[in-house]
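# Structural overview for review
The residues making up each chain are set out below.
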Amino acid sequence: MYCPFCRHPDSRVIDSRTADDGLSIRRRRQCPECGRRFTTTETASLTVIKRSGVVEPFSREKVMSGVRKACQGRPVTEADLAILAQQVEESVRSTGIAQFDANEIGLAILPHLRDLDQVAFLRFASVYQAFDTLADFESAISELRTHPSAARPDSTKE
Ligand SMILES: [Zn+2]
C-alpha cells in the first residue's frame, strides 16, 4: 500500500475495523517515511452476479433473507439462519472462486438447508432447481427419504 502523499511503498497499520456493512475492512495506516496517516478500505473479494447483471459483494444477510422465506412456519431460528449463512459463505469461499452467479449461491445453500429443515429445503429447492412438476417434488422427497442427511464430511450434526 503506497503512501498517497509521498509514494513511499510501505505503510504501517495502526487500526483496523469492520465497516458498518460488514463487508469491508477499514484500515488506518501511517507512513513510516513522512509520518502522515491515511485510511484504506479493503473489500471482501467474494462477489455475486445477479440475474440483472449487477455485481455486488456476497452478503450473508441476503442469504438469510432468501432462506427465511422458505422457513416460514418452520422451527428455524434466526440463529440457525445466521449459522447457515456462515456455512454457505465458508463453502463458497473454500472453492477459491471469487465470483458466483446468484443461482450458484442458491445451489450452495441447498445442502446446508437440507441439514437444517427438510420442508424448507424442498420449498427452496423447488425455486432454485426449477421444479416444474409433481414428479420433481417426488424425486426430491424420495432422495430425502433415502439419504435423510446430506452427510457432509464436515457436518457437526448427528
Ligand atoms: Zn508518506
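Along every chain, residues carry numbers that run from 1 in the direction the sequence is written. Totals for whole chains, interfaces and linings use every residue, but because this is a predicted model, local features are given only for residues with pLDDT of at least 70 and side-chain atom pairs only at 80 or more, for both listing and counting. With hydrogens and water stripped out, all remaining heavy atoms of the structure feed into the side-chain values.

Per an unreviewed UniProt entry, the chain is named Transcriptional repressor NrdR, and its organism is Leucobacter viscericola. UniProt positions are given in the numbering used here, feature names are shortened, and annotations may be inferred rather than shown by experiment. The UniProt entry for the chain carries the following comment under Sequence similarities (unreviewed entry): "Belongs to the NrdR family."

The next subject is the coordination of the zinc ion. Each protein donor to the zinc ion is listed here as Cys3 (SG), Cys6 (SG), Cys31 (SG) and Cys34 (SG); together their distances run 2.3 to 2.4 Å. Geometry at the zinc ion is tetrahedral, judged from its four donor atoms and the angles of 106 to 119° they form at the metal. For Cys3, a relative accessible area of 0% gives the class buried. For Na, K and Ca the donor cut-off is 3.2 Å; for every other metal, N, O and S atoms count as donors within 2.8 Å. Water does not enter the count, which can leave sites looking incomplete. The rule is simple: four donors are tetrahedral if all their angles sit between 85 and 135 degrees, four are square planar and six octahedral if opposite donors span more than 155 degrees and the others lie between 65 and 115, and anything that fits none of that is irregular. Throughout this description, buried means an accessible area under 20% of the type-specific maximum (1.4 Å probe, protein chains only), exposed means over 50%, and partly exposed covers the range between.

Time to look at the packing of helix α1 (residues 60–70) against helix α4 (residues 118–128). Interaxial angle, 0 to 180 degrees, is taken between N-to-C directions of lines fitted to C-alpha atoms, where a helix line uses only the stretch in contact. Note on conventions: DSSP H or I runs of at least 4 residues are helices, E runs of at least 2 residues are strands, and numbering of each starts at the N terminus. Where α1 contacts α4, the axes come no closer than 8 Å and their chain directions differ by 110°. With respect to α4, the element α1 is oriented roughly perpendicular. Where α1 abuts α4, its residues Gly66, Val67 and Ala70 lie against Ala120, Arg123 and Phe124. As a working rule, the residues Ala, Val, Leu, Ile, Met, Phe, Trp, Tyr, Cys and Pro are called nonpolar, Asp, Glu, Lys and Arg charged, and the rest polar, with Gly in that last group. Residue composition of the contact of α1 with α4, by class: four nonpolar, one polar and one charged. Oblique is the label for any angle not covered by the other classes, which are roughly parallel (under 35 degrees), roughly antiparallel (over 145) and roughly perpendicular (65 to 115). Pairs of residues are marked as contacts when any of their non-hydrogen atoms sit within 4.5 Å.

Here we come to the packing of aromatic side chains. Aromatic pairing here means that ring centres of Phe, Tyr or Trp (its six-membered ring) are within 6.5 Å. Orientation follows from the plane angle: under 30 degrees is stacked, over 60 is edge-to-face, and everything else is tilted. One pass over the full model with this rule turns up two aromatic pairs. Ring plane angle 90° and centroid distance 5.0 Å describe the contact between Phe131 and Phe137, whose orientation is recorded as edge-to-face. By relative accessible area, Phe131 is classed as buried at 15%. As a reminder, the over-ring test applies to NZ of lysine and CZ of arginine, requiring each to be within 6 Å of the ring centre and within 35 degrees of the ring normal. A cation sits over an aromatic face here: Arg114 above Phe121, 5.7 Å from the ring centre.

Looking now at the layout of surface pockets. In this structure, the largest pocket encloses a volume near 450 Å³. The pocket and cavity definitions rest on a 1 Å grid over protein atoms only: a 1.4 Å probe that fits but cannot leave marks a cavity, an open set with protein on both sides within 12 Å along at least five of seven lines marks a pocket, and residues lining either have an atom within 4 Å of a point. Along the wall of the largest pocket there are 20 residues; nearest its centre are Lys62, Val63, Gly66, Ile109 and Tyr128. Residue assignment for the lining of the largest pocket shows that the elements contributing at least two residues are β5 (55–57), α1, α3 (102–116) and α4. Considering every element that reaches the lining of the largest pocket, the biggest residue donor is α1, with six residues. For the lining of the largest pocket, the residue count by class is eleven nonpolar, four polar and five charged. Grid points are joined across faces, edges and corners, and a volume is the space filled by probe spheres set on the points.

Two elements in contact, α4 and helix α5 (residues 134–146), have axes whose closest approach is 11 Å; the angle formed by their N-to-C orientations is 145°. The two elements α4 and α5 meet at a crossing, and its hand is right-handed. Across the interface between the two elements, Gln118, Phe121, Leu122 and Ser126 from α4 touch Phe137, Ala140, Ile141 and Leu144 from α5. Grouping the constituent residues of the contact of α4 with α5 by class yields six nonpolar, two polar and no charged. Less than a right angle of anticlockwise turn of the near helix away from the far helix marks a crossing as left-handed, whereas a clockwise turn marks it as right-handed.

As a further point, take the sheet that holds β5. Whether two strands pair comes down to DSSP finding at least two bridges between them. Strand order in this open sheet of three strands is β5-β4-β6, and the pairing throughout is mixed. In this open sheet, the two strands that pair with only one neighbour each are β5 and β6 (99–101). Between one strand and the next, the sheet's axes are offset by a mean angle of 30°, whatever the strand orientation. Bridge count between strand β4 (residues 47–49) and β5: three bridges; the pairing is antiparallel.

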